[in-house]
Amino acid sequence: MKIAGKNILITGADGFIGSHLTEYLYARGASKIRALSQYNSFNNWGWLESVSCLNDIDIRCGDIRDSHYCKSIMKDIDIVFHLAALIAIPYSYVAPESYIDTNIKGTLNILQASLDENVSKIVVTSTSEVYGTAKYVPIDEKHPLQPQSPYSASKIGADNIALSYYNAFELPVVIARPFNTYGPRQSARAVIPTIISQILAKKNEIHVGDVTPTRDFNYVTDTCRGMVCIAECEQSAGQVINIGSNYEISVKDTLELIKKLMKSDVEFKVDNQRIRPANSEVHRLWCDNAKINELTGFVPEISIEEGLAKTIDWFSNPKNIEKYKVDLYNV
């Protein structure tokens, strides 16, 4: 199944990855793109305000927690990319019920609407956080799932609801499980944007959380390309598929690399406010990407050095950085 000529629905299109995916699908020749932005009284479309194809997409404002609304936006859709979710881990500690409502119930609503409207493929976006701290590396799709935060628990629930719709109703759903995506437009709650933005603000000292965990960082265009490869793969329905680089780097080394690329002498200081509860920290993530490679031929194209340079360049534009509250700690 090729994206070209298809009618696409993207939930969470107003977010970081969703806005990049919108542009990527447009460039790939999708016939129609219906982009869902969370309803707000300001009529603000989030990062969709910045996409290059703004005038050529169908932007809808609504909420995936409403089942009736989900069915209404599913009309005449061939392929669904479901990205809408609450994703901030620290906020899930203080507002766990919100994560159940949005990530589990919201996903259920999208699945049921997809079933009712006979969509050809639905890609449900998961997260590497569902694996928790690695029991073995690299982490393949058979790795045990460990709910180390309310956020990860909600995503485990959403993934399993999605797979149940494949098993019970033969809904052509696939779970795309990206590892740590970064790049332009990422929220300042994430480590890479918050370090870059504070260095640009000429901070002499930057507060950080635990810098010992390792991550498998992926530039956002690679994540988007992986998601499209999964959607187009005829054998992907009913499967869980990692998207990652098969490359592990510590948070500390990532910070030092950013510092080097930006020619900064900033000092990093550990702030206890930014450290997760002891049993909630995911200490090691390293993606085994053999499955996506075997099914689709996907390999990442952007190295960590190139991706960070692109990200730094984007944040260095005053029109971009002004959208961030550099002096506030984002949960």
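Everything below is about the structure shown above.
Read on for a plain summary of the structure.

Conventions we followed
- Residues numbered from 1 in each chain as written.
- Predicted model: local features only at pLDDT ≥ 70, side-chain atom pairs only at ≥ 80, totals over all residues.
- Heavy atoms only, no water.
- Helix = DSSP H or I, 4+ residues; strand = E, 2+ residues; numbered from the N terminus.
- Rg over C-alpha atoms; globule rule 2.2 N^0.38 Å.
- Buried < 20%, exposed > 50% of the residue type's maximum accessible area, 1.4 Å probe, protein only.
- Pairing = 2+ DSSP bridges.
- Axes fitted to C-alpha atoms, helices over the stretch in contact; angles between N-to-C directions.
- Contact = heavy atoms within 4.5 Å.
- Salt bridge = Lys/Arg side-chain N within 4 Å of Asp/Glu carboxyl O.
- Parallel < 35°, antiparallel > 145°, perpendicular 65-115°, else oblique.
- Left-handed = near helix turned anticlockwise from the far one by under 90°.
- Expected span 1.5 Å × (residues − 1).

## A short note on the overall build of the chain
Here is step 1 of the chain: Each helix and strand counted, the chain has 11 helices and 13 strands in total.
Here is step 2 of the chain: Expected size for 331 residues packed as a compact globule is a radius of gyration near 20 Å; at 19 Å, the chain falls within 12% of this value.
Here is step 3 of the chain: For the C-alpha atoms alone, the extent of the chain along its principal axes is close to 55 × 45 × 40 Å.
Here is step 4 of the chain: For the chain, with 331 residues in total, the buried portion stands at 53%.

## A closer look at the sheet that holds strand β2 (residues 32-38)
Here is step 1 of the chain: Spatial strand order, β3-β2-β1-β4-β5-β6-β11: seven strands in an open sheet with parallel pairing. Strand pairing shows two members of the sheet lacking a second neighbour, β3 (58-62) and β11 (240-243), which therefore form its edges. For this sheet, the mean angle separating the axes of adjacent strands, direction not counted, is 20 degrees.
Here is step 2 of the chain: The sheet contact formed by strand β1 (residues 7-11) and strand β4 (residues 79-82) spans four bridges and is parallel. Across the sheet, the residue bridging to Thr11 is His82, located in β4.
Here is step 3 of the chain: Where helix α1 (residues 16-27) meets the sheet, it contacts β1, β2 and β4, and its direction lies at approximately 170 degrees from that of β1.
Here is step 4 of the chain: Taken strand by strand, helix α5 (residues 150-169) contacts β5 (121-125), β6 (173-178) and β11, and its axis lies near 155 degrees from that of β6.

## Thoughts on the pairing of strand β8 (residues 205-208)
Here is step 1 of the chain: Residues Ile206 and Val208 of β8 are buried on one face, while the alternating residues Glu205 and His207, pointing to the opposite face, are not.
Here is step 2 of the chain: Taken together, the four bridges between β8 and strand β13 (residues 267-270) define a ladder with parallel strand orientation. Residue pairing for β13: His207 is matched across the bridge by Lys269.

## Here we look at the pattern of salt bridges
Here is step 1 of the chain: One pass over the full model with this rule turns up 11 salt bridges.
Here is step 2 of the chain: Residues Arg28 and Glu232 are paired through a salt bridge, measuring 3.0 Å at the closest nitrogen-oxygen approach. Here Arg28 is found in the loop between α1 and β2, whereas its partner Glu232 is found in helix α7 (residues 220-232), with 204 residues between them in sequence.
Here is step 3 of the chain: Arg28 sits in the partly exposed class, given a relative accessible area of 32%.
Here is step 4 of the chain: Residue Glu232 is classed as buried on the basis of its relative accessible area of 14%.
Here is step 5 of the chain: For Arg60, the salt bridge identified is with Asp58, shortest N-O distance 3.0 Å.
Here is step 6 of the chain: Via salt bridges that share partners, Arg34, Asp58 and Arg60 belong to a single interconnected network.

## A closer look at the packing of helix α4 (residues 96-116) against α5
Here is step 1 of the chain: With their axes 9 Å apart at the nearest point, α4 and α5 run at an angle of 20 degrees to one another. Between α4 and α5, the crossing angle belongs to the class labelled roughly parallel. Of the two possible hands of crossing, α4 and α5 adopt the one that is right-handed. Of the residues in α5, those in contact with Pro96, Tyr99, Ile100, Asn103, Ile104, Thr107, Leu108, Leu111, Gln112 and Leu115 of α4 are Pro150, Tyr151, Ser154, Lys155, Gly157, Ala158, Ile161, Ala162, Tyr165 and Phe169.

## With respect to α7
Here is step 1 of the chain: With 13 residues, α7 extends 19 Å between its outermost C-alpha atoms, agreeing within 8% with the 18 Å of an ideal straight helix rising 1.5 Å per residue.
Here is step 2 of the chain: Within α7, 12 of the 13 residues are buried, which leaves the element mostly enclosed by the surrounding structure.
Here is step 3 of the chain: Among the residues of α7, Val220, Asp222, Thr223, Cys224, Arg225, Gly226, Met227, Val228, Cys229, Ile230, Ala231 and Glu232 are the ones counted as buried.

## Observations regarding the environment of Gly62
Here is step 1 of the chain: Of note, Gly62 is situated in strand β3.
Here is step 2 of the chain: In this structure the C-alpha to C-alpha distance between Gly62 and Leu36, which are 26 residues apart in sequence, comes to 6.9 Å.
Here is step 3 of the chain: Gly62 has contacts with Leu36, Ser37, Gln38, Tyr39 and Tyr69, leaving out every residue within four places of it along the chain.

Just distances and angles here, no functional claims.
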